[in-house]
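# Observations on the three-dimensional arrangement
As a plain string of letters, each chain reads:
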Amino acid sequence: MTHRHQIRSLAALLGSAAVAVIAGASPAAANRAAIATPAAPQSDHLITLVTGERILESAGPNGAVAFSAVSAAAPPLVTFEANAAWYVIPDVVIHSIGAQLDATLFKTEALSQAEAASPGEVPVQVQWHGASAPAMPWLVHSVNVATGVTDGVVTSTSGAVLESSLAAGTLTGIDHISLVGAAPSAPRPSPAFTLYTLTVDGIDLKGAPDNGDIGILINTDNALNSAGVGFGQWYHGVFKVSVPNGHYSMLGNFAQFSAAGGQDRLAIINFSVHGNTTVTVDGRSATARIVATTPKPTDVGFASVTWQRESQAPTGGTSFGSIWSFGGGAPPFRVYVSPIGAPSFGTQGWVASFHMDSPSTSPAAYSYDLTYGGQGAISANQHYAAKASHLATVATRYFSDLPGNLSLETRQSFFPWQFFAAGSFDAFNAPLDRTEYVLAAPDLLWQQQVIADANTFAGMSQDSPRVFTAGAPSSADWNRGPIGPGVFVNTDAAATFPVVQACPACTETGMLELEIFPFGDNPPGNVGFPNFPTPGLTETDAYTLLRNGTAISTGQDPLGISVPVASGAAHYQLQYSVAMAAPWRTLSTNETTAWSFSAAGSAGAPLPPGWVCFSGTNVGCSVVALMLPDYQLPEDGTGHVASGPVTFQLGISHILGVSIAVTSAAVSISFNGGSTWVTAHVTPSGTNTFAVSYTNPSHAGTGAIRIHVTDAHGGVLDQTILNAYAFP
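As the structure is a prediction and not an experimental result, all values here were calculated from the model. Per chain, residues are indexed from 1 in the order of the written sequence. Local features in this predicted model are restricted to residues of pLDDT 70 or higher, and side-chain atom pairs are both shown and tallied only at a pLDDT of 80 or more, whereas totals for entire chains, interfaces and linings draw on every residue. The side-chain quantities take in all heavy atoms of the structure and omit both hydrogens and water.

In terms of regular secondary structure, the protein is built from four helices and 53 strands. If one aligns the C-alpha atoms of the protein with their principal axes, the spans along those axes are about 80 × 55 × 55 Å. Looking at the protein as a whole, 58% of its 728 residues are labelled buried. Note on contacts: a residue pair is in contact if any heavy atoms of the two residues lie within 4.5 Å. Within the protein, contacts between residues separated by at least 24 positions form 72% of all contacts whose residues are at least 6 apart in sequence. Working note: accessible area of the protein is about 26,400 Å², and carbon and sulfur atoms make up 55% of it. Counting from the N terminus, the helices are the DSSP runs of H or I reaching at least four residues and the strands are the DSSP runs of E reaching at least two. A simple rule labels every residue: compare its accessible area, found with a 1.4 Å probe on the protein chains alone, to the largest value its type can have, and call it buried under 20%, exposed over 50%, or partly exposed in between. Computed by Shrake-Rupley with a 1.4 Å probe, the accessible areas treat only the displayed protein chains as cover when residues are assessed.

Below, the structure is given as structure tokens:
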């Protein structure tokens, strides 16, 4: 890379001195021994980088973390962890870290805190020089607070302007940009062992001393031994850190850009430190290009690679990821890695993931989600050829109340040993029917996320974790109405993958525990999260839990709550109402659900493998077998049902598949917003399934649905959904 500003050690910027101790271990890796304890539901964090990219940080299985770039057309990104903090940085501005950009501008936790009051706006302070403030078209709501100091915010739109100026080296007059409103980092402990100077020489892709690229370092004996995890940045081909004797591994990230495209080369070395030591990382050693091919033609998509390194002692590790897109008119970008054998100390994981879409000229839409990886050596052959016999086929339908609405989806994958994943969202116009081919393996877990409205990043939902079987067809519907509350369902993923999930409704030791989301579609299994504050969107959620008619818990959503309950027989009722409307959400705008059950955990059903109570155990944990409806209306992709006679199947299941007979079901329909109701004809059509028939009016309007269902254990489900569907 060519750099126009003096580069300081990135280790110093992350909390160390220029020649310093770099310490800290990945908490995700260090705590994997405790995966039997599911965390309370975490809110996913949507953050905006000062360079304009939007990143979703979400929780993966068993404490893993995942980062997804919101736009597949985003520039190449690198992600890493240093001192128990995660960073996401566009490759094109790494050279500006420590000079014009403070590293905290890319620290995900700090950004989440700083943007809490105004999501999507990054509050910054700009230090500049000159007789007057330089032009800052990327700074919004600017206020001069002192001579040479201006405060303001950067948005996703203006951040793209800032990124272009940084990449071109035209950001003149600006000395430093830092984040405002983030809590300071905790002081770092002093090392308790003898340190030596490790000098790392970096050679760039032209064979010259490197300037500005970064290297990640880990002590592979024990991640807590001083230089457990850390990063350095080369200046005139050198960076130095202070470390104890021991075994180490290092990855150098060497990037190069031009108008014709770019490349990223990941050079990895293993070495020992005995006293003052000098090692060399040469970007030209990364010769294995990472690429995938598919059985059918594809011409656009994105890819990511993850290097995960853990120490011999079970004290944690580090991870480094790179995300890039291809096709769609973007300049070509290539990524290479240096082949390397299995390490002698600690473990090494390598993952390559790809999402690839069919050409726009294809008569039917299809996509591929592929992930390859393992622990041990990194092969010189990084060409991954997908075989049809290794793929599962998912017939997927994406519904949308608003025709042609821009939506997003991503499918993240995890191996059992993986504590970090990176990827990008795929943009498409909904409604859409698409055949999705997914690489299947017994030790590969997949989780898909869908964003109903890409413009506001609202309407986020996620499916239940799944392990696919090669050759097995399946189907998936997203945002198919009517929309009511949702819960995760058992997909039997734990049969081959050691995933641990929290029970959606269970009791243990005098506690009633609930994890019920405000939105769920049909069939059950996808859950929708409460929305971020969004212009043009209104949402009001409220629940009440009653025992013998007396409220014992109230709040916004029964999501990750634990309520003390007295022993003995009692009548419980959980009432949950959700009202939501947005320009892209015109149906299922008001839902009320009430579950009645005779006693908490009265079903006494054991949990399926992989499911636990909030304490992390299934011992003494009993399922509260709430009923879940599955409305199979004959609707099109925009939620419209034809006028005239209507017949649909209403299926009823219980949480976590508890087998209880449904004894009755009644359905009513309203065509005037719930003022009056028409009783539908309901007949049993199978086990816990009912055929519902009635007639829609000939004029245009919307239909509301009301159901009353009972089961053999005395459970009752009452649900009313207004504007459940539309008719011509």
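For this text, the term disulfide refers to a pair of cysteine sulfurs within 2.5 Å. The full count for this structure, using the stated rule, is two disulfides. Linked covalently through their sulfurs, Cys503 and Cys506 form a disulfide whose S-S length is 2.1 Å. Taking the sign of the torsion about the S-S bond as the criterion, the disulfide between Cys503 and Cys506, at about 80 degrees, is right-handed. Each of the two residues, Cys503 as well as Cys506, counts as buried. There is a disulfide in this structure between Cys613 and Cys621, and the S-S distance comes to 1.9 Å. Its torsion about the S-S bond being 80 degrees, the disulfide of Cys613 and Cys621 is classed as right-handed. With relative accessibility at 0%, the residue Cys613 sits in the buried group.

Moving on, we come to the pairing of strand 27 (residues 420–424). Strand 27 sits mainly inside the fold: five of its five residues count as buried. Both faces of strand 27 are covered, namely the face carrying Phe420, Ala422 and Ser424 and the face carrying Ala421 and Gly423. Bridge analysis of strand 3 (residues 65–69) against strand 27 gives five bridges, and the strand direction is parallel. Each residue of the ladder has a partner; that of Val65, found in strand 27, is Phe420. Two strands are said to pair when DSSP picks up at least two bridges between them.

We now examine the nonpolar core. For the purposes of this section, nonpolar cores are sets of buried Ala, Val, Leu, Ile, Met, Phe, Trp, Tyr and Cys residues that join through side-chain atoms within 4.5 Å. With 95 residues, the main nonpolar core has Trp138, Ile177, Ile290, Phe320, Phe354 and Leu370 as its most contacted residues. For Trp138, the contacting residues outside a window of four places in its chain are Val126, Val153, Val154, Ser158, Val161, Leu162, Leu171, Ile174 and Ile177.

Attention now moves to the sheet that holds strand 49 (residues 678–679). One open sheet holds the eight strands; their spatial order is 40-39-42-43-53-52-48-49, and the pairing between them is antiparallel. Two strands lie at the open edges of the sheet, namely strand 40 (550–555) and strand 49, each paired on one side alone.

A separate point is empty space enclosed by the protein. A 1.4 Å probe that fits but cannot get out identifies a cavity on a 1 Å grid over protein atoms alone, an open set with protein on both sides within 12 Å along at least five of seven lines counts as a pocket, and a residue lines either if it has an atom within 4 Å of a point. Grid points are joined across faces, edges and corners, and a volume is the space filled by probe spheres set on the points. Across all of its chains, the model carries seven cavities of 30 Å³ or more by this definition. In terms of lining, the largest cavity is formed by 36 residues, of which the most central are Ala452, Asn479, Ile483, Trp584 and Arg585. Each residue is assigned to one of three groups, with Ala, Val, Leu, Ile, Met, Phe, Trp, Tyr, Cys and Pro labelled nonpolar, Asp, Glu, Lys and Arg labelled charged, and all others, Gly among them, labelled polar. Partitioned by chemical class, the residues of the lining of the largest cavity number 17 nonpolar, 15 polar and four charged.

The next subject is the side chain of Thr51. Mapped onto the secondary structure, Thr51 falls in the loop between strand 1 (45–48) and strand 2 (54–59). Among all residues touching Thr51, those that are not within four sequence positions of it are Pro90, Val93, Phe106, Gly159, Ala160, Glu163 and Leu166.

Criterion for a salt bridge: a side-chain nitrogen of Lys or Arg within 4 Å of a carboxyl oxygen of Asp or Glu. If you walk through the whole model with that rule in mind, you get 11 salt bridges. The closest approach of N and O atoms between Arg434 and Asp357, which form a salt bridge, is 3.5 Å. In this pair, Arg434 sits in strand 29 (residues 432–439) while Asp357 sits in strand 22 (residues 347–357), placing the two residues 77 residues apart along the sequence. Summarising the burial analysis for this pair, Arg434 and Asp357 share the class buried. Taking the shortest distance from any N to any O, the salt bridge between Asp477 and Arg480 comes out at 3.1 Å. Residue classification places Arg480 among the buried residues on the basis of a relative accessible area of 6%.

What follows covers the pairing of strand 43 (residues 590–597). Judged by how many residues are buried, strand 43 sits mostly within the fold: six of eight residues are covered. Where strand 42 (residues 572–581) meets strand 43, eight bridges bridge the pair, whose relative direction is antiparallel. By the bridge assignment, Gln573 is partnered in strand 43 with Ser596. Pairing geometry for strand 43 and strand 53 (residues 716–727), over seven bridges, is antiparallel.

It is worth spelling out the confidence of the model for the protein at this point. Scored from 0 to 100, pLDDT records how confident the predictor is in each individual residue. The predicted model of the protein has a mean per-residue pLDDT of 90, with 91% of residues at 70 or higher. Contacts of residues 1–42 to residues separated by more than four positions or lying in other chains number 132 contacts, the stretch itself having pLDDT below 50.

Right, let's talk about the environment of Thr393 for a bit. Following the sequence through the fold, Thr393 ends up in strand 25 (residues 391–398). Take Thr393: its relative accessible area is 29%, and that puts it in the partly exposed class. Separated by 46 residues in the primary sequence, Thr393 and Leu439 place their C-alpha atoms 9.0 Å from one another. Contact partners of Thr393, with chain neighbours within four places excluded, come to Thr435, Glu436, Tyr437, Ala472, Pro473 and Ser474.

To continue, consider unusual backbone geometry. A cis geometry characterises the amide bond from Ala430 onward to Pro431, with omega recorded as 5 degrees. Looking at where Pro431 falls in the secondary structure, it is placed in the loop between strand 28 (426–430) and strand 29. Looking along the chain, the bond that leaves Asn522 and enters Pro523 is cis, with omega of -5 degrees. Positioned with a positive phi, Asn479 is a non-glycine residue whose angle comes to about 60 degrees. Relative to the helices and strands, Asn479 resides in the loop between strand 32 (473–478) and strand 33 (484–486). What makes Asn479 partly exposed here is its relative accessible area of 25%.

Moving on to the side chain of Gln100. Positionally, Gln100 belongs in the loop between strand 5 (85–90) and helix 3 (108–114). Given the relative accessible area of 4%, Gln100 is considered buried. Any N or O atom pair separated by 3.5 Å or less is treated as a polar contact, with the protein-specific requirement of one donor-capable and one acceptor-capable atom, and with residues adjacent in sequence counted only for side-chain atom pairs. Separated by 2.8 Å, the side chain of Gln100 and the backbone oxygen of Leu171 make a polar contact.

This paragraph deals with the sheet that holds strand 6 (residues 121–128). Spatial strand order, 7-8-6-9: four strands in an open sheet with antiparallel pairing. One side of each edge strand has no neighbouring strand; the edge strands of this open sheet are strand 7 (140–146) and strand 9 (174–179). The mean angle between the axes of side-by-side strands here comes to 25 degrees, regardless of whether they run parallel or antiparallel. The pairing of strand 6 with strand 9 spans five bridges and is antiparallel. Directly across from Trp128, in strand 9, lies its bridge partner Ile174. The axes are straight lines fitted to the C-alpha atoms, using for helices just the contacting stretch, and the angles between their N-to-C directions are given from 0 to 180°. Across the sheet, helix 4 (residues 156–168) lies against strand 7, strand 8 (149–155) and strand 9, angled at about 115 degrees from strand 8, the strand it touches most.

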